[in-house]
Amino acid sequence: SSEVTAALRITDGAIVVVDCIEGCAVQTETVLRQALQERVKPCLFVNKVDRCILEMQMEAEDMYLRFRNAIENVNVIIATYNDSSMGDLQVRPELGNVAFGSGLHGWGFSIETFAKILSAKSGMEKSKMMEKLWGDWFYNPKKKVWTNVQQPEDCEEPLQRGFCQYVMNPINQLIRAIMDKDSEKYEKMMARVGIVLKGEDKNLTGKALMKHVMQNWINAGESLVAMVVMKLPPPKLAQRYRVENLYDGPMDDEAAMGIRNCDPSGPLMMYVSKMVPAADKSRFYAFGRVFSGTVATGQKVRIQGPHYRPGSRDDLHVRAIQRTVLMMGRGTELIQDVPCGNTVALVGVDQYILKSGTITTLEDAHNFTDMKYSVSPVVKVAVKPKDGKDLPKLVEGLKRLSKSDQLVVCSTEESGEHVIAGCGELHVEICLKDLREEFAQCDFTVSDPVVSYRETVTEESNQTCLAKSANKHNRLYLKAEPLDGELVQAIEQGQVGPKADCKEAAKLLTSKFGWDKQVAQSKIWCFGPECDGANMVVDTTIGAQYLADIKDSVTSAFQWATKEGPLCEENMRGIRFNLTEVMLHPDKVHRGGGQIMPATRRACFASELTAKPTLQEPVFLVEISCPKDSLSGIYNCLNLRRGCVFEENQREGTPLVQVKAHLPVSESFGFVGSLRQATSGQAFPQCVFDHWESLPGNCLEKGSKMEELVLSIRKRKNLKLQMPLLADYLDKL
């Protein structure tokens, strides 16, 4: 979710929770990938250990194998997305960066917890003892030595693993004794570990007693805090390797040096990652982290929004901070000033920041890099108030909703509809609930959810498209062709694009995608829409005059064209426009923006329409866990909705099967309900946005399914109810 992304930006370490019974879910991988991209160091918490003991009645050895499997899966993901600048990030219990426990019952431990007790008894060093308590180490009581052979020659019985004997067995025995009401046994054990029941606690039995005893003996909070303090990096160390990812400007300017050194007396550099609504919902706290300098009440600062560029006045406000507060859980604490390396909430800047922004005292500071979300808002609904006089309330509510959620996009269409875009049916539902109950507090009607598509092409234009300017003195010749699918992903992930390193991007284009070296290095004019989308203009002209003068006009028109394509005014994706030839008027007056921009836009549209255009729809990755006998219900349900199963795994040691499938977002409305119906409530689906997929068929063919879809989108947007004609955009010589 967007909350994870917002939190990762302002933290240096994270605790990843994995279910020891279910293992790694889709979400675990997504979250880990995001953490490693942001250069946040992970620790692991293996949860639901209580279920292994109580529900599944597992033996200690089986539990060890289950835990080891979960940890190995996490390490595979970490190795896949590892960043060499952070060193070794593998999580291993013997290093103390893995904890086990039960979040529900509030108890937990790391190997270190038990190593402390045992090393005090045996006189062995704590670090050595931690190594012995995980992996293939067995204690031989006859010889009083540790060995890595399970059954030495002088033993009749195989030896017990150190982890099972000294860690899991005591926990297992204590919990089972309490649940079996074997008071003699558990009282003896409690006396050994120093737990004394006082007052009303003596009357507790069963689960309540177990919870109380375990929390007193091995408290989850203490174990986790100890792990966080000892194993996660301090701000001074973390900001050294994180600065390259955080800061947009040059790495040797004053701001970057302040962030790298985490210097409280340096220039103020603070990133606001989210807006937190105050108790009365009318104001917002700007919550973020100070990376350099010190932020104080009454200090005059520059508030730079995401569209700010150094040297310009756009999206820039210079204001004083009214109050600085610390957010402690649900309460807030007033404080005079906060030095770097801490999180803080500011009062009085909420009207200048929409979702996130940079706060600084340096005149020439660049912005912090924008956050990258793992999902995109693809599901839209339109809202309108039931009672006309509530419209101002609704508009105000939408503004507040937009501030409070990082991912939601609230916009007003040309038809006057207020549209909310979220990243799935569930996300939109949550946003509507917040809007109705908290932000707008009025009643409104909601249209059926609709999905946003992308326009693309499937082959090269069958002719070179000409567009003349209005004064007939300038001619532009364009051709469109599809970009490679992997290249489109590379642009969206930022490996190629306006923010990527030019040399690296050119190297990738030539080596992996077979582009010409000169084209890759200097001929790409721009990307779009929004200057970073997956479409581009490439200059393939030879010896054309006055090109530099029209570059800005072509770029602006291209941004406009790719934002609203010709088929149904959706964004374009994966199209490369080649500017093959230009004939321009020698006088600058006759080739201004007003002449070039409309012509470029028409040429882009014409070249798309001649290159077999189609639409791309968003596709969810669905992960479903269910018992084996309800598989047929899942297949039926997916087949009815154009879903396709591509992986089926039996979960070790459980009767559950894990199914992975691709499901078009447009078919996902009501999917959860109908899946529960088909499997009588046994299947649990999880949906995450995965990729865009081109729809089959030709949309310019009369009576085809694709044409129906395009016309239905045009009808919804109040556009002309007919397919766009090539003659509208293509000029004749």
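In the block above lies the structure referred to throughout.
Residues numbered from 1 in each chain as written. Predicted model: local features only at pLDDT ≥ 70, side-chain atom pairs only at ≥ 80, totals over all residues. Heavy atoms only, no water.

S.K.: Help me out: how do you make sense of the overall build of the chain in this one?
M.R.: Regarding its fold elements, the chain presents 22 helices and 32 strands. Taken over 733 residues, the chain has a buried fraction of 50%. A separation threshold of at least 6 residues defines the contact pool for the chain, and within that pool the share at least 24 residues apart is 71%. Taken as a whole, the chain presents about 35,000 Å² of accessible surface, with 50% of it coming from carbon and sulfur. The averaged location of the 94 negative side-chain charges in the chain is 2 Å from the averaged location of its 89 positive side-chain charges. (Helix = DSSP H or I, 4+ residues; strand = E, 2+ residues; numbered from the N terminus. Buried < 20%, exposed > 50% of the residue type's maximum accessible area, 1.4 Å probe, protein only. Contact = heavy atoms within 4.5 Å. Areas by Shrake-Rupley, 256 points an atom, 1.4 Å probe, with all protein chains shown as cover. Lys, Arg positive; Asp, Glu negative; His and termini not counted. Charge placed at Lys NZ, Arg CZ, Asp CG, Glu CD.)

S.K.: Could you clarify how one ought to interpret the environment of Ile178 in this entry?
M.R.: Position of Ile178 relative to the elements: it lies in helix 7 (residues 162-179). For Ile178 and Glu564, which are 386 residues apart along the polypeptide, the C-alpha to C-alpha distance reads 67 Å. When near neighbours in sequence (up to four residues on either side) are disregarded, Ile178 contacts Tyr186, Gly206, Leu209, Met210 and Val213.

S.K.: Got a minute to help me understand the layout of surface pockets in this structure?
M.R.: Taking a probe equal in size to a water molecule and rolling it over the atoms shows the remaining empty space. One number sums up the size of the second largest pocket: a volume of about 640 Å³. Surrounding the second largest pocket, 20 residues form its lining, Ile117, Leu118, Lys121, Tyr166 and Pro170 being those nearest its centre. Mapped by element, the contributors of at least two residues to the lining of the second largest pocket are helix 5 (111-122), helix 7 and helix 8 (183-193). For the lining of the second largest pocket, the leading source of residues is helix 7, giving six residues. Split by residue class, the lining of the second largest pocket holds 13 nonpolar, four polar and three charged. (1 Å grid on protein atoms, 1.4 Å probe; cavity = no way out; pocket = protein on both sides within 12 Å on 5 of 7 lines; lining within 4 Å. Points joined across faces, edges and corners; volume = space filled by probe spheres on them. Nonpolar A, V, L, I, M, F, W, Y, C, P; charged D, E, K, R; others polar.)

S.K.: Sorry, what's going on with the sheet that holds strand 10 (residues 300-304) here?
M.R.: Two pairing modes exist for strands in a sheet, parallel and antiparallel, and in both the strands are linked by backbone hydrogen bonds. An order of 11-10-16-7-8-15-12-13 is seen for the eight strands of this open sheet, with the pairing classed as antiparallel. Lying at the two open borders of the sheet, with one neighbouring strand each, are strand 11 (316-320) and strand 13 (331-335). On average, each strand axis in the sheet is tilted by 35° relative to the strand beside it, whichever way the strands run. Where strand 8 (residues 284-292) and strand 15 (residues 343-347) come together, four bridges link them in antiparallel fashion. Bridge pairing in strand 15 links Arg289 to Thr343. (Pairing = 2+ DSSP bridges. Axes fitted to C-alpha atoms, helices over the stretch in contact; angles between N-to-C directions.)

S.K.: I would appreciate a short explanation of empty space enclosed by the protein in the present structure.
M.R.: Scanning all chains against the criterion turns up one cavity of 30 Å³ or more. By volume, the largest cavity is sized at about 30 Å³. As for the largest cavity, its lining consists of Tyr271, Gln304, Gly305, Pro306, Ser356, Gly357, Thr358, Asn367, Phe368 and Asp370. Of the residues in the lining of the largest cavity, the class split is three nonpolar, six polar and one charged.

S.K.: Mind showing me how you'd approach helix 16 (residues 502-511) here?
M.R.: An α-helical turn contains 3.6 residues, so any two residues separated by three or four positions project in the same direction. Listing the buried residues of helix 16 in full gives Ala505, Ala506 and Leu509. Angularly, the buried residues of helix 16 cover 95° about the axis, an arc narrow enough to put them on a single face. Facing away from the buried side of helix 16 by over 90 degrees, the exposed positions are Lys503, Glu504, Lys507 and Ser511. The inward-facing, buried residues of helix 16 abut helix 15 (485-493), helix 17 (517-523) and strand 25 (524-528). (Arc of directions from axis to C-beta.)

S.K.: Would you explain the packing of aromatic side chains in this entry?
M.R.: Given two aromatic rings, their pairing is described by the distance between the two centres and the angle made by the two planes. Under the defined criterion, the tally for this structure stands at 17 aromatic pairs. When the centroid spacing of 6.2 Å and the interplanar angle of 65° are considered together, the rings of Tyr139 and Tyr166 count as edge-to-face. With Tyr139 in strand 5 (residues 138-140) and Tyr166 in helix 7, this residue pair connects regions lying 27 residues apart in the sequence. Judged by its relative accessible area of 22%, Tyr166 falls in the partly exposed class. (Phe/Tyr/Trp six-rings, centres within 6.5 Å; stacked < 30°, edge-to-face > 60°.)

S.K.: Could you clarify how one ought to interpret the sheet that holds strand 4 (residues 107-110) in this entry?
M.R.: Here we have four strands laid out as an open sheet, ordered 1-2-3-4, and mixed in their pairing. Strands with a single pairing partner mark the edges of an open sheet, and in this sheet they are strand 1 (13-19) and strand 4. Going across the sheet, the axis of each strand differs from the next one's by a mean of 25°, ignoring polarity. Relative to strand 2 (residues 41-47), strand 1 runs parallel, the two sharing seven bridges. Across the sheet, the residue bridging to Val18 is Val46, located in strand 2. Along the sheet, helix 4 (residues 60-80) makes contact with strand 1, strand 2 and strand 3 (98-102), crossing strand 2 at roughly 155°.

S.K.: Is there a simple way to think about the state of the cysteines in this case?
M.R.: Every disulfide links exactly two cysteines, by a covalent bond between their sulfur atoms. The tally for this structure, following the rule as stated, stands at zero disulfides. Note on Cys626: no disulfide assigned, nearest cysteine sulfur contributed by Cys637 at a separation of 12 Å. The exposure class of Cys637 is buried, given its relative accessible area of 6%. (Disulfide = S-S within 2.5 Å.)

S.K.: Sorry, what's going on with the packing of helix 11 (residues 235-246) against helix 12 (residues 254-261) here?
M.R.: Two quantities define a packed helix pair, namely the angle between the helix axes and the distance between the axes. As a packed pair, helix 11 and helix 12 sit with axes 6 Å apart at the nearest point and diverge in direction by 140°. Judged by the angle between their axes, helix 11 and helix 12 are oblique. Residues Lys236, Gln239, Arg240 and Val243 of helix 11 lie in contact with helix 12, whose contacting residues are Ala256, Ile259, Arg260 and Asn261. Of the residues in the contact of helix 11 with helix 12, the class split is three nonpolar, two polar and three charged. (Parallel < 35°, antiparallel > 145°, perpendicular 65-115°, else oblique.)

S.K.: Quick question: what am I supposed to make of the pattern of salt bridges here?
M.R.: All chains considered together, the criterion is met by 32 salt bridges. Between Arg602 and Asp731 there is a salt bridge, with its nearest N and O atoms 2.7 Å apart. Of this pair, Arg602 sits in helix 19 (residues 593-609) while Asp731 sits in the segment after helix 22 (705-716), and the two are 129 residues apart along the sequence. Judged by relative accessible area, which is 23%, Arg602 ranks as partly exposed. Residue classification places Asp731 among the partly exposed residues on the basis of a relative accessible area of 21%. Here Glu667 makes a salt bridge to Arg642, at a shortest N to O gap of 2.7 Å. Here Glu667 is found in the loop between strand 31 (656-664) and helix 21 (671-678), whereas its partner Arg642 is found in the loop between helix 20 (631-640) and strand 30 (644-650), with 25 residues between them in sequence. A relative accessible area of 23% means that Glu667 is categorised as partly exposed. Each of Arg9, Asp12, Glu38, Arg242 and Arg289 takes part in one network of salt bridges that share partners. (Salt bridge = Lys/Arg side-chain N within 4 Å of Asp/Glu carboxyl O.)

S.K.: In this structure, what is going on with a nonpolar patch on the surface? I would like to understand it.
M.R.: On the surface, a cluster of nonpolar side chains totalling about 210 Å² of accessible area is made up of Ile15, Val17 and Val228. Positionally, Val228 belongs in helix 10 (residues 220-231). Under the relative-accessibility criterion, Val228 is labelled partly exposed at 33%. (Patch = residues over 30% accessible without salt bridge, like charges linked within 9 Å, V, L, I, M, F, W, Y side chains within 5 Å.)

S.K.: Teacher, can you tell me more about the environment of Leu398 here?
M.R.: Counting through the fold element by element, Leu398 comes out in helix 13 (residues 391-404). Between the C-alpha atom of Leu398 and that of Asp136, which follows or precedes it by 262 residues, the distance is 58 Å. Discounting residues that sit within four places of it in the chain, Leu398 has contacts with Val383, Cys410, His418, Ile420 and Leu435.

S.K.: Just checking my understanding: could you explain a negative patch on the surface for this structure?
M.R.: Together, Asp180, Asp182, Glu184 and Glu187 give the surface a local cluster of negative charge. Assessed through its relative accessible area of 34%, Asp182 is described here as partly exposed.

S.K.: I'm lost on the nonpolar core in this one. Help?
M.R.: For soluble globular proteins, nonpolar side chains are generally found buried alongside one another. Residues Leu346, Ile359, Ile420, Leu435, Leu615 and Ile624 are the most contacted members of the largest nonpolar core, which totals 96 residues. At seven residues, the largest contribution of residues to this core is made by helix 19. Excluding its chain neighbours within four sequence positions, the residues that come into contact with Ile624 are Ile634, Leu638, Val657, Gln658, Val659, Phe671, Leu675, Ala683, Phe684 and Pro685. In this structure, Val46, Ile78, Ile171 and Leu209 belong to the second largest nonpolar core, which totals 60 residues. (Core = buried A, V, L, I, M, F, W, Y, C linked by side-chain atoms within 4.5 Å.)

Function cannot be read off these values alone, since they describe shape.
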